[in-house]
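# Chains, contacts and geometry: an overview
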Amino acid sequence: MGQYGKQTIDELDIQAVLQTLTSSNLTQGEQVPLFESAICQYTKANYAVATSSATAALHISCLALGLSKSDIGWTVPLTFAASANAIRYCGADVDFVDIEMSTGCISVTKLAEKLKRANESNTLPKLLIVVHYAGISCDMNSIFELCRQYNVKIIEDASHAIGAKYKNKPVGNCQYSDICVFSFHPVKIITTGEGGMITTNSQSLAQQARLLACHGISKPSTNTQPSWFYEQHELGYNYRMSDIHAALGNSQLNKLDEFVSVRNQMATLYQKAFAELPIETLTVPHDCYSAWHIFVVRLTDSAKLNREDLYKTLVDSNIGCQVHYIPVHTHPYYQNLGFKWGDCPNAEKFYQHCLTIPLYPSMDNQQKIIEKLTSIL
Ligand SMILES: *Cc1c(COP(=O)(O)O)cnc(C)c1O
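The sections below set out a description of the structure shown in this document.

## Examining the overall build of the protein
The helix and strand tally for the protein stands at 13 helices and 15 strands. Taking 377 residues into account, the globule formula puts the C-alpha radius of gyration at 21 Å, and the protein, at 21 Å, falls close to it. Here the protein holds 377 residues, and 55% of them are scored as buried. When the accessible area of the protein is evaluated, it comes to approximately 16,700 Å², of which 49% is carbon and sulfur surface. In the protein, 29 positive and 34 negative side-chain charges are present, and the distance between their average locations comes to 2 Å.

In structure tokens form, the structure reads like this:
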């Protein structure tokens, strides 16, 4: 079956992994610190902490910001479940802010209203996790101003958005957030197999995240102890990235700008080809450069067929498609917590009409996909 997204691996990637495999350190060697500093250099953030996945990174980001049982964390419904699950891992309550239809990102208007109400009822969240949907940065400047008024911390779930820009600066520089998180799952823009990364400008948050990703164990900074000595300070996790994964990441990072550039060219081609069809595509705001992790089409009311029919027709022609996303609050787990259909009307409407069609640098059937869609619609 076709795929909607896929990694691009070349000979240099393979050589990088092989070299690490035959080196003395498969984990806790030099590749992870190299990858972290390369990410700092790329994003211009002061600190980076590599993790075993973005999910792990989101979890320890919430913990590092002090999220616990008596707290509330907010995120958006149009995302992968992990954005909300990270809040639940800390025992905190979760709530959802609806999205903007044109970008799929958090609605700043809805956020402002919800913060005002929460302030009045004394139910403000400790933190907000925003998601740069499909690779488009949220309106971070406005979000930052709003959250600062109410003392709400900000985590950017940039799983879709490495290589993207906001106001001409790289997503991940944390100018408008406390922490940013990237994913290196193979379907994302660059891959380490499995893997994630935290970026931040706060030394204390970086230290806390690093501690939590490594069992809560650290070596004392004084040298009065023997070299075998270590201490556990917190109940941490084993969320480290291995050097095999980081070696692939280092090699992939060299190609990031090229991948994102090709994704932009392909997205532009799709947008031009679909201009006359009864579908809507995402609008990239003028101050954003999208990483185009996914290409999402939404059927309008004048379309002859519904999303299910479109999905079936495309998959029957071996064109891989997916739906991003089933609104998180409608999953049985979240319904059991009291959420229901109707809570986030925009995300629900978006979901009912959306379909992700293939977009990745190594695909060779874009023209065929365009022709197929044009003939069906
Ligand atoms: C992929 C993804 C995640 C999880 O990433 P992993 O690295 O697979 O844990 C989290 N949030 C969003 C928005 C994602 O797309």
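## Looking at the packing of helix α2 (residues 31-43) against helix α8 (residues 243-253)
One way to put it is that α2 packs onto α8 with a least axis distance of 8 Å and a crossing angle of 35°. The two elements α2 and α8 meet at a crossing, and its hand is left-handed. Contacts from Gln31, Val32, Leu34, Phe35, Ala38 and Ile39 in α2 reach Asp243, Ala246, Ala247, Gly249, Asn250 and Leu253 in α8. Partitioned by chemical class, the residues of the contact of α2 with α8 number eight nonpolar, three polar and one charged.

## Some remarks on the sheet that holds strand β14 (residues 295-299)
The three strands lie next to each other as β12-β14-β15, forming an open sheet whose pairing is antiparallel. The outermost strands of the open sheet, each flanked by one partner alone, are β12 (279-281) and β15 (354-357). Going from strand to strand, the sheet's axes swing by 35° on average, the running direction of each strand aside. As judged from the four bridges shared by β14 and β15, these two strands associate in the antiparallel manner. Bridge pairing links Arg298 to Cys354 in β15.

## Overview of helix α1 (residues 11-21)
Residues Asp13, Val17 and Thr20 constitute the buried set of α1. One face of α1 carries all of its buried residues, which in axial projection span an arc of 65°. The outward face of α1, more than 90 degrees from its buried face, is lined by the exposed residues Glu11, Leu12 and Gln19. The inward-facing, buried residues of α1 contact α2 and α8. For α1, the N-terminal cap is Asp10; the gap from its side-chain oxygen to the backbone nitrogen of Leu12 is 3.1 Å.

## Section: the site of the ligand
Around the ligand sit 16 residues in total, of which Thr55, Asp157, His160, Ser183 and Lys188 are the nearest. In the environment of the ligand, an oxygen atom lies 2.9 Å from a nitrogen or oxygen atom belonging to the backbone of Ala54. Separating an oxygen atom of the ligand from a side-chain N or O atom of Lys188 is a distance of 3.0 Å. Relative to its unbound accessible surface of 380 Å², the ligand loses 92% to contact with the protein.

## Thoughts on the pattern of salt bridges
Inspection of the entire model under this criterion finds 13 salt bridges. The residue Lys340 makes a salt bridge to Asp343 at a minimum N-O spacing of 3.0 Å. Here the salt bridges do not stand alone but share partners, grouping Asp10, Asp13 and Lys255 into one network.

## A word on the sheet that holds strand β6 (residues 165-166)
Read across the open sheet, the three strands follow the order β7-β6-β13; overall the sheet is antiparallel. A single partner strand is all that each edge strand has here, and the edge strands are β7 (169-170) and β13 (288-289). Examined bridge by bridge, β6 and β13 share two bridges and lie antiparallel to one another. Bridge assignment links Lys165 to a residue of β13, and that residue is Tyr289.

## Structural notes on the packing of helix α3 (residues 54-64) against helix α4 (residues 82-89)
Interaxial distance between α3 and α4 falls to 8 Å at its minimum, and their mutual angle equals 40°. Relative to α4, α3 is oriented oblique. Judged by the sense of rotation from one axis to the other, the crossing of α3 with α4 is right-handed. Facing Thr55, Leu58, His59 and Cys62 of α3, the residues of α4 in contact are Ala82, Ser83, Ala86, Ile87 and Tyr89.

## Some points on the state of the cysteines
On inspection of all chains with the given rule, the structure shows zero disulfides. Looking at the unpaired Cys147, the closest cysteine sulfur is the one in Cys138, lying at 11 Å. For Cys147, a relative accessible area of 1% translates into the label buried. Here Cys174 is not disulfide-linked; the sulfur of Cys180 is the nearest cysteine sulfur, at 5.3 Å. The buried category is assigned to Cys174, whose relative accessible area is 5%.

About the thresholds
- Residues numbered from 1 in each chain as written.
- Predicted model: local features only at pLDDT ≥ 70, side-chain atom pairs only at ≥ 80, totals over all residues.
- Heavy atoms only, no water.
- Helix = DSSP H or I, 4+ residues; strand = E, 2+ residues; numbered from the N terminus.
- Rg over C-alpha atoms; globule rule 2.2 N^0.38 Å.
- Buried < 20%, exposed > 50% of the residue type's maximum accessible area, 1.4 Å probe, protein only.
- Areas by Shrake-Rupley, 256 points an atom, 1.4 Å probe, with all protein chains shown as cover.
- Lys, Arg positive; Asp, Glu negative; His and termini not counted.
- Charge placed at Lys NZ, Arg CZ, Asp CG, Glu CD.
- Axes fitted to C-alpha atoms, helices over the stretch in contact; angles between N-to-C directions.
- Left-handed = near helix turned anticlockwise from the far one by under 90°.
- Contact = heavy atoms within 4.5 Å.
- Nonpolar A, V, L, I, M, F, W, Y, C, P; charged D, E, K, R; others polar.
- Pairing = 2+ DSSP bridges.
- Arc of directions from axis to C-beta.
- Polar contact = N/O pair within 3.5 Å; in protein donor to acceptor, adjacent residues only side chain to side chain.
- Near = heavy atom within 4 Å.
- Salt bridge = Lys/Arg side-chain N within 4 Å of Asp/Glu carboxyl O.
- Parallel < 35°, antiparallel > 145°, perpendicular 65-115°, else oblique.
- Disulfide = S-S within 2.5 Å.

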